[in-house]
Amino acid sequence: PFYFDMPGTFRTNPADRDFLVRNAAESGSQIIRFGVDMDDFWTSEGTFDFSALDRGLEVLDLNAPELKAILIVKCGMPHWWMKKNPDDVTAYYGNFPIHPQKDRQALASKKYLADAAAGIRALISHLRKSPYSDKIFGIGISEGWNSEWFWSYSDGLNRPARSGFSKADFAT
C-alpha cells in the first residue's frame, strides 16, 4: 500500500498507537496520513500549542523513521473562536439543533475564511521550523462532517450555505 490512514485516535494519543506506525511500515507503506484539528493547537487568539502534533511526528520518527506523513488539517474553528463570533457559527433554519462535535463555523462565512488562514499560516510556520519538517510529504486542508467541505443539512429550503447568509458577512 502507498499510504496507511491512521485512525483519529492517533491524533489524540499517538504514544498508545505507536504499534499502528510499525504496522504501516511492516505492510510496506511509505506514507502515513493523520489528522490535526485546529481546535487541538489553536488555544486562544494568537496562541498556538503544537505539542500534540509534535508528539505524533515524534512517534512516527521513533517507530518508522523511513515513513513520511500527509497531514490532514481539519479547519473547524476552535471553540473559543465560535464563542467570540456567534454570527459566524452554523445555524439551521427553524432553530434546528446543531451537532455539537460536527457543526462549527458557517462554511460560507467570510470572517471564518479570513480567520482560518491565521491558523493555517501558524501551522505551516511551525512545521517549517520543526525537527520533523523532513517527515511532511503533504498537507490536505479539510472541513465539514466528512472533511469534504459541506454540511449534511440545508437551510430548510434546500439551499446550500452561501455568502451573505450570516449577518456578519455584511460587515466584512
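Parameters and conventions
- Residues numbered from 1 in each chain as written.
- Predicted model: local features only at pLDDT ≥ 70, side-chain atom pairs only at ≥ 80, totals over all residues.
- Heavy atoms only, no water.
- Helix = DSSP H or I, 4+ residues; strand = E, 2+ residues; numbered from the N terminus.
- Buried < 20%, exposed > 50% of the residue type's maximum accessible area, 1.4 Å probe, protein only.
- Polar contact = N/O pair within 3.5 Å; in protein donor to acceptor, adjacent residues only side chain to side chain.
- Pairing = 2+ DSSP bridges.
- Axes fitted to C-alpha atoms, helices over the stretch in contact; angles between N-to-C directions.
- Contact = heavy atoms within 4.5 Å.
- pLDDT = per-residue confidence, 0-100.
- Phe/Tyr/Trp six-rings, centres within 6.5 Å; stacked < 30°, edge-to-face > 60°.

Draft legend 1. Molecular detail of the environment of Arg104. Examined against the element boundaries, Arg104 turns out to sit in the loop between helix H5 (79–84) and helix H6 (110–129). A relative accessible area of 9% places Arg104 in the buried class. Placed 27 residues apart in sequence, Arg104 and Met77 show a C-alpha to C-alpha distance of 6.7 Å. Within polar-contact distance, the side chain of Arg104 engages the side chain of Asp37 at 3.5 Å. Only 3.3 Å separates the side chain of Arg104 from the backbone oxygen of Met77, close enough to count as a polar contact.

Draft legend 2. Expanded view of the sheet that holds strand S5 (residues 68–74). What the 4 strands build is an open sheet, ordered S1-S2-S5-S6; its pairing is parallel. The sheet is open, and its two edges are formed by strand S1 (3–5) and strand S6 (136–142), each paired on a single side. With strand direction ignored, the average angle separating the axes of adjacent strands in the sheet is 25 degrees. Sheet topology note: the strand S2 (residues 31–37)/S5 ladder contains 7 bridges and is parallel. Looking across to S5, one finds that Asp37 is bridged to Lys74. Packing against the sheet, helix H4 (residues 51–63) makes contact with S2, S5 and S6, and its axis sits at approximately 165 degrees to S2.

Draft legend 3. Structural context of the pairing of S5. Of all 7 residues making up S5, 5 are buried, and the element is well covered by its neighbours. The sheet contact formed by S5 and S6 spans 6 bridges and is parallel. Opposite Ile72, over in S6, you have Gly140 as the bridge partner.

Draft legend 4. Layout of the environment of Gly35. By the secondary structure assignment, Gly35 is in strand S2. Residues in contact with Gly35, not counting those within four places in the same chain, are Arg11 and Ile72.

Draft legend 5. Here's a closer look at the confidence of the model for the protein chain. Here the protein chain shows a mean pLDDT of 85. Residues at 70 or above account for 84%. Least confident of the elements in the protein chain is S1, whose mean pLDDT is 85; most confident is strand S4 (residues 47–48), at 96.

Draft legend 6. Layout of the pairing of S2. Of all 7 residues in S2, 6 are buried, a share of seventy percent or more. Where S1 meets S2, 3 bridges bridge the pair, whose relative direction is parallel. Paired with Asp5 across the two strands is Arg33, which belongs to S2.

Draft legend 7. Representation of the packing of aromatic side chains in the model. Evaluated as defined, the whole model comprises 6 aromatic pairs. Seen in terms of ring centroids, Phe10 and Phe34 are 5.0 Å apart; in terms of plane orientation they differ by 75 degrees. Their pairing is edge-to-face. In this pair, Phe10 sits in helix H1 (residues 8–12) while Phe34 sits in strand S2, placing the two residues 24 residues apart along the sequence. For Phe34, a relative accessible area of 4% puts it in the buried group. Members of the aromatic cluster, joined through ring pairs, are Phe41, Trp42, Phe48, Phe50 and Trp80.

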